[in-house]
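Understanding the architecture of this molecule
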Amino acid sequence: MHILYVEDNPADVRIVEELLQFDAEQHTLGAVATLADAVVYFREHAPHVVLVDLSLPDAHGYAIVNTLQNTSPQTPLIVLTGRDDEALGIELVRYGAQDYLAKAHLNEHILLRAIRYAYERKQIELALMDSNEQLMRAQMVAAEMEQLKSAFLANMNHEIRTPLTAILGFSRILEEELEDDKRDMAQHISRGGERLMATLESLLTLSQLEAGTLKNERVLVPVYETIEESVEPFVDRLHEKDVSLYVQCPRNLMVNVHPLLFSQCLHHLVSNAAKFTAEGEIVIKAFLNEGLFHLVVSDTGIGIPSDRLATIFQPFEQVSLGLNRLYEGSGLGLAISRKLVEMAGGGIQVTSEVGRGSTFSIDVPLKLPSAA
């Protein structure tokens, strides 16, 4: 380790030289008498540690510390002075010095330990600074990516929704006007457009939830009526598959929840149940208990493997994956449901057995949790 000693008193320089001889293999010493010479020395030799006196021919006190720190911020600085002043030492450390040693108490152990500790502390400090800089850069990149994502989704919302709305509108007109043999084609267009519109809506909702821009508001929701509206699109499909649908809910039940929470969570859970249940039944339960609103959707479908239960609430995760998967879907429904439920201070759980079915349970407090 190469050390620079900035000192205009040759006797003090010799003392330091002698003290360093106790570990001569590990340390070399260079000495200059003025601050100006120290600045030049930095450029030519890049010392690992600097020892400096506070009284030099061309500078005094804190100005010396400031100049050396500005010249080489990465080099640790130890002040050696004839003043045994603890308050001065604390102030010098605040100015950037790593340590403060009184010359009167100096010995080889104190000096070598101070040099080693100063160097190690400075390396830790530099590593932390580098980590903080990397973190700040990562945060800036993340913020930029979030802005780009928001801009992209806003543009997609306009550029896809507008023509898609026209496609759906004209396909429905064609369904009414075309003959039977051609009506099927118009129906395929409608179903494909509705599926694409649902995916777009899910992407936008998920983006709002992840960005924290969806307002956490509550309205009074008629539970039974909302269940009827949510299951209506699936009734014909379930009838075709001979799957029974049961609803267990008081007809007059009202809950104060986020307008999207109940309707979207119910829609996604019933959609999954209808999709993955080929025979048997789907049961929807809604009730209040001990200040919580409970929604339970169970089915007798294909079930979920135990090793997939931990991932199904992640965006784009599905029980069937790949190009050869058997079931349609974007894999966003459960991710949206979990985020909506968590936004309301609730929780969502799942129990499942392959070949026997699944049960999803949502518990939401009737009052918003107080801010921490």
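Residues numbered from 1 in each chain as written. Predicted model: local features only at pLDDT ≥ 70, side-chain atom pairs only at ≥ 80, totals over all residues. Heavy atoms only, no water.

1. Points about the sheet that holds strand S11 (residues 280-289)
Note on sheets: strands pair through backbone hydrogen bonds, and any given pair is parallel or antiparallel. Taken in spatial order, the five strands of this open sheet run S9-S11-S12-S14-S13, and their pairing is mixed. Each having just a single partner strand, strand S9 (243-248) and strand S13 (347-353) make up the two edges of the open sheet. Each adjacent strand pair in this sheet contributes to an overall mean axis angle of 10°, direction not counted. Of the strand pairs in this sheet, S9 and S11 are connected by six bridges, and their pairing is parallel. Within S11, the position partnered with Val247 by the bridge is Ile284. Its contacts with the sheet put helix H7 (residues 223-231) on S9, S11 and strand S12 (292-299), and the angle it makes with S11 is roughly 155°. (Pairing = 2+ DSSP bridges. Helix = DSSP H or I, 4+ residues; strand = E, 2+ residues; numbered from the N terminus. Axes fitted to C-alpha atoms, helices over the stretch in contact; angles between N-to-C directions. Contact = heavy atoms within 4.5 Å.)

2. What about the packing of H7 against helix H9 (residues 259-276)?
Remark: H7 packs on H9, axes separated minimally by 9 Å, with the N-to-C direction vectors making an angle of 45°. It follows that H7 is oblique to H9 by the angle criterion. Regarding H7 and H9, the two cross each other, and that crossing is right-handed. Residues Val223, Thr226, Ile227, Ser230 and Val231 of H7 form the contact with H9, whose participating residues are Phe262, Ser263, Leu266 and Val270. Partitioning the contact of H7 with H9 into residue classes produces six nonpolar, three polar and no charged. (Parallel < 35°, antiparallel > 145°, perpendicular 65-115°, else oblique. Left-handed = near helix turned anticlockwise from the far one by under 90°. Nonpolar A, V, L, I, M, F, W, Y, C, P; charged D, E, K, R; others polar.)

3. A look at the packing of aromatic side chains
All told, the structure shown has two aromatic pairs when counted by the stated rule. Taken together, a centroid distance of 5.5 Å and an interplanar angle of 80° make the contact between Phe262 and Phe293 edge-to-face. Here the residue Phe262 occupies a position in helix H9, and Phe293 occupies one in strand S12, the gap between them amounting to 31 residues. Across the pair, Phe293 and Phe262 agree in class, each one buried. Aromatic side chains Phe313 and Phe360 sit 6.3 Å apart centroid to centroid with 80° between the ring planes, which places their arrangement in the edge-to-face category. Here the residue Phe313 occupies a position in the loop between S12 and helix H10 (333-343), and Phe360 occupies one in strand S14 (residues 357-365), the gap between them amounting to 47 residues. (Phe/Tyr/Trp six-rings, centres within 6.5 Å; stacked < 30°, edge-to-face > 60°. Buried < 20%, exposed > 50% of the residue type's maximum accessible area, 1.4 Å probe, protein only.)

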